[in-house]
Amino acid sequence: MFLNKPYAVISAFLMALCLGHAKAAPEAFRPADLTEIVSPASPTRATVSADPLPQIRAMVSAARAGMDPRLYGRAGALVEQALSVRPGVPDLLTLRAVIAQADHRFPDALADLATVLAMQPGDAQARLSRAFIFATLGRLDEAENDCSALAPRVGDLIRTVCFAHVRGLRGDYAAAARGLARALSADRNAPPEVRAWAHSLTAGILARAGDPGAGHHFAEATRLAPDDQALALRHASFLRETGNPRAALRRLGDSQSDGAVLERAIAKRALGQPATAEVAVLEARFSRQSGSRRHLREEARFRLSLQNQPVEALRLARLNWQIQKEPEDLALLTEAEAAVGLGEQQ
Amino acid sequence: MTISRNALLVALLALLFGGSERAYAHQSSEAYLALTLSGTAVSGRMDLHLQDLDHAFGLDTDRDGQITWAEALAAKPALDAALADSLVLSGPKGGCPHSLGALELTRRSDGVYAVLPLSAACPGALDGIALHYDLLFPFDAGHRLRVTASDPDNADTWIGTLTPSAPATRLGPAEPLPVFIPFLWQGVVHMLEGIDHVLFLLTLLLTACLVRGPSGWQMALSFYTVAARTAGLVTAFTIGHSITLALAASGTVLLPPGPVEALIAATVAFAALNIVWPMVTRRVWVVAAGFGLIHGFGFANVLAELDLPPADFALALFAFNLGVEVGQLLCVALVLPLTYLAGRLALYRQVALPALSLGVAGVGAIWLVERSFGVIVLGI
């Protein structure tokens, strides 16, 4: 009941590892020269403004594009500050939900969005946001309800993207991709960001279906949103999975997010290279925050595909599955189960 | 198609919100505090990310996008002043004012950190340290302070994490009281609320003052005999359930709750029937111990539902067990005098005792059926 779980032993072991890690603080030094540049400055500066909304939006946008949780954290502090002055402002609550979503605190995000939608049922931002969270949680009927409730003024492309995303998760790849292609060609005047989003989603759906046509849509999305690192990462995974790890490495550039470092390591292994530096970086990051909700999927993949630790990978994949239920999460769980030999017993 | 301003705004945000655009964790903001406790003194070091400090306090004064060593040093007094309020250490006898040494730097995987050596003096000897920290929480909702406190004398290290919603903690040896008293209480409560355990014990007590003679139950006149026999029975029962409670709680032996509950019902029925139709007349304590083994698994199922703290596992188990004994002794103290008095009456020995026994046996039998087949008859 308490000691019979191998997990207890493993987590005790990990805790011991963490302790060891915590004890060994890196060595301190003093630069010799006062003019020596010791660090780049922060891209943001905490300021007080009468209307923080634009600043918060910009910060969340940058956080997403750069996959930077630090920026999400700073935006989160600004949101809390603004909400303490003006409680219940729908736009602030929606932004708080977006930040919670990025941190995989889905129940918090859903609670805020429910508040917003109770006040403003026609709020398209909140509606769309909630549709995608429901989709991530595998609550596909509720996601589709929110897609249906999107106001017509958001445009056909966004509505189609919403429905196609859910349809793709249902495994109805052909219909989803067809709908997206039709909407993309019908709505050539949509803003480039939206077209990039639609192309990247189409690419993802085709990639899942094993359709090589995904490559074209990844290229289109990349042309429209060259700096989107999340897109770069998914494109790189596609390139590697379709047998081109070298192109995957090029596509990743020197991005340092957990996902990018992980993908770089897997691509290097595929090329027969040891990926020692990447593995060391990930080991340090994950063991510092082992089991952190935000990167369970990446941590599980790391344990499974790079470190040959299937038992720990399965534990993490199961935790991850309790939080998010996209096809990648299921694939991860199934692979981890097979790796520890559970697959054959079932 | 023309795009209204509204639609454009939505579109831009839609991009932001895309759920499939997964948030890959890069590095969230963390600070580190390593403390060493010895006697009344605390020494340690605090590491804060330079970019976090720049965001909060504006290190890059010339705004050229670079932080120089001179700019970092210039911010030190402001940082000291801020930390005087936003890092508070205290021991059992009160606050431990701290002072910060000369600024240094260190390199971690996600950038360069300011290193602040720290020393503090506490008003009394330390058995751990309480701390409160909120330096960067107002600037970053995802910020964390990772703390380690070590006591080199006892070779102990404790770790903790402070967050905006939990900005204070205490690191040190666990205080025994918060575990001991609640689990003792749970033991008492469960013993008294677990009507099957109480009924079993009562059944043992019904004949505690009697001996079986050639013509049925007779009063055992010596109080010594009564006390010794009751003590023997209760002790045997206790030893039995202590063994299985420990085995089950530690996960060494695990039984499914359903069959255990049914067996407990069977022990009640058997003990009651044994009064009317003697099956076991000698060495009743062996039966009490054996049945105790079964009841122990029942206690363990309750204990499993209370979150047993892994760190204080043994203490919590001991306290819970002790609580069960306290509950038992309460039962004995209440019932034994009654049966001692009643045992003198022929009416009790010849009428009330068999009637009570048959009643209890009936309840036990119904429980047995309920618990074996999942039906509800009595609902108690």
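Above: the structure in question.
Bear in mind the structure is a predicted one, so any value in this text is a computation, not a measurement.

**Overview of the packing of helix 12 (residues 229-241) of chain A against helix 14 (residues 258-270) of chain A**
All names here are of chain A.
(1) Moving on: In contact at an axis separation of 10 Å, helix 12 and helix 14 are set at 15° when each is read in the N-to-C sense. Considering their axes alone, helix 12 and helix 14 lie roughly parallel with respect to each other. The crossing of helix 12 and helix 14 is left-handed. Contacts from Leu233, Ala236, Ser237 and Arg240 in helix 12 reach Gly259, Ala260, Glu263, Ile266 and Ala267 in helix 14.
(2) Moving on: By residue class, the composition of the contact of helix 12 with helix 14 is five nonpolar, two polar and two charged.

**A closer look at the pairing of strand 1 (residues 30-38) of chain B**
Residue and element names in this part refer to chain B.
(1) Moving on: For strand 1 and strand 10 (residues 144-151), the ladder comprises seven bridges, and the chain directions are parallel. If you follow Ala31 over to strand 10, its bridge partner there is Leu145.
(2) Moving on: As judged from the seven bridges shared by strand 1 and strand 2 (residues 41-49), these two strands associate in the antiparallel manner. Across the sheet, Tyr32 pairs through a bridge with Asp47, a residue of strand 2.
(3) Moving on: Count of turn residues in the strand 1/strand 2 antiparallel hairpin: two residues, of which Gly39 carries a positive phi of about 65°.

**A closer look at the packing of aromatic side chains**
(1) Moving on: A complete count under the given rule lists 10 aromatic pairs over all chains for this structure.
(2) Moving on: Seen in terms of ring centroids, Phe132 of chain A and Trp197 of chain A are 5.3 Å apart; in terms of plane orientation they differ by 35°. Their pairing is tilted. With Phe132 of chain A in helix 6 (residues 124-136) and Trp197 of chain A in helix 10 (residues 192-208), the pair connects residues that are 65 residues apart, well separated along the chain.
(3) Moving on: These aromatic residues form a ring-pair network of at least three members: Phe200, Phe237, Phe270 and Phe291 of chain B.
(4) Moving on: Of note, Arg108 of chain B hangs over the ring of Tyr32 of chain B, and the distance from its end group to the ring centre comes to 3.7 Å.
(5) Moving on: A cation over an aromatic ring shows up here: Arg108 of chain B above the ring of Tyr113 of chain B, its NZ or CZ 5.5 Å from the ring centre.

**Observations regarding the pattern of salt bridges**
All names here are of chain A.
(1) Moving on: Applying the stated criterion across every chain yields a total of 32 salt bridges over all chains.
(2) Moving on: Here Glu263 and Arg240 are joined by a salt bridge, their closest N and O atoms 2.7 Å apart. Highlighted residues: Glu263 in helix 14 and Arg240 in helix 12, separated in sequence by 23 residues. Pair check on accessibility: Glu263 and Arg240 agree, each one buried.
(3) Moving on: A salt bridge links Glu283 to Arg303, with the nearest nitrogen and oxygen atoms 3.0 Å apart. Here Glu283, found in helix 15 (residues 276-288), pairs with Arg303, found in helix 16 (residues 296-306); they are 20 residues apart in sequence, far enough to count as distant.

**Remarks on the state of the cysteines**
Linking two cysteines covalently via their sulfur atoms produces the bond known as a disulfide.
(1) Moving on: Tallying each qualifying case throughout the model produces two disulfides over all chains.
(2) Moving on: For Cys147 of chain A, the disulfide goes to Cys162 of chain A, at an S-S distance of 2.1 Å. Between Cys147 of chain A and Cys162 of chain A, the S-S torsion sits near -80°, and that sign places the bridge as left-handed. Of this pair, Cys147 of chain A sits in helix 7 (residues 140-148) while Cys162 of chain A sits in helix 8 (residues 156-169), and the two are 15 residues apart along the sequence. Like Cys147 of chain A, the residue Cys162 of chain A is buried in the burial classification.
(3) Moving on: Between the sulfur of Cys96 of chain B and that of Cys122 of chain B lies a disulfide, 2.1 Å long from S to S.

What counts and what doesn't
Residues numbered from 1 in each chain as written. Chains lettered and ligands numbered in written order. Predicted model: local features only at pLDDT ≥ 70, side-chain atom pairs only at ≥ 80, totals over all residues. Heavy atoms only, no water. Axes fitted to C-alpha atoms, helices over the stretch in contact; angles between N-to-C directions. Helix = DSSP H or I, 4+ residues; strand = E, 2+ residues; numbered from the N terminus. Parallel < 35°, antiparallel > 145°, perpendicular 65-115°, else oblique. Left-handed = near helix turned anticlockwise from the far one by under 90°. Contact = heavy atoms within 4.5 Å. Nonpolar A, V, L, I, M, F, W, Y, C, P; charged D, E, K, R; others polar. Pairing = 2+ DSSP bridges. Phe/Tyr/Trp six-rings, centres within 6.5 Å; stacked < 30°, edge-to-face > 60°. Lys NZ or Arg CZ within 6 Å of the ring centre and 35° of its normal. Salt bridge = Lys/Arg side-chain N within 4 Å of Asp/Glu carboxyl O. Buried < 20%, exposed > 50% of the residue type's maximum accessible area, 1.4 Å probe, protein only. Disulfide = S-S within 2.5 Å.

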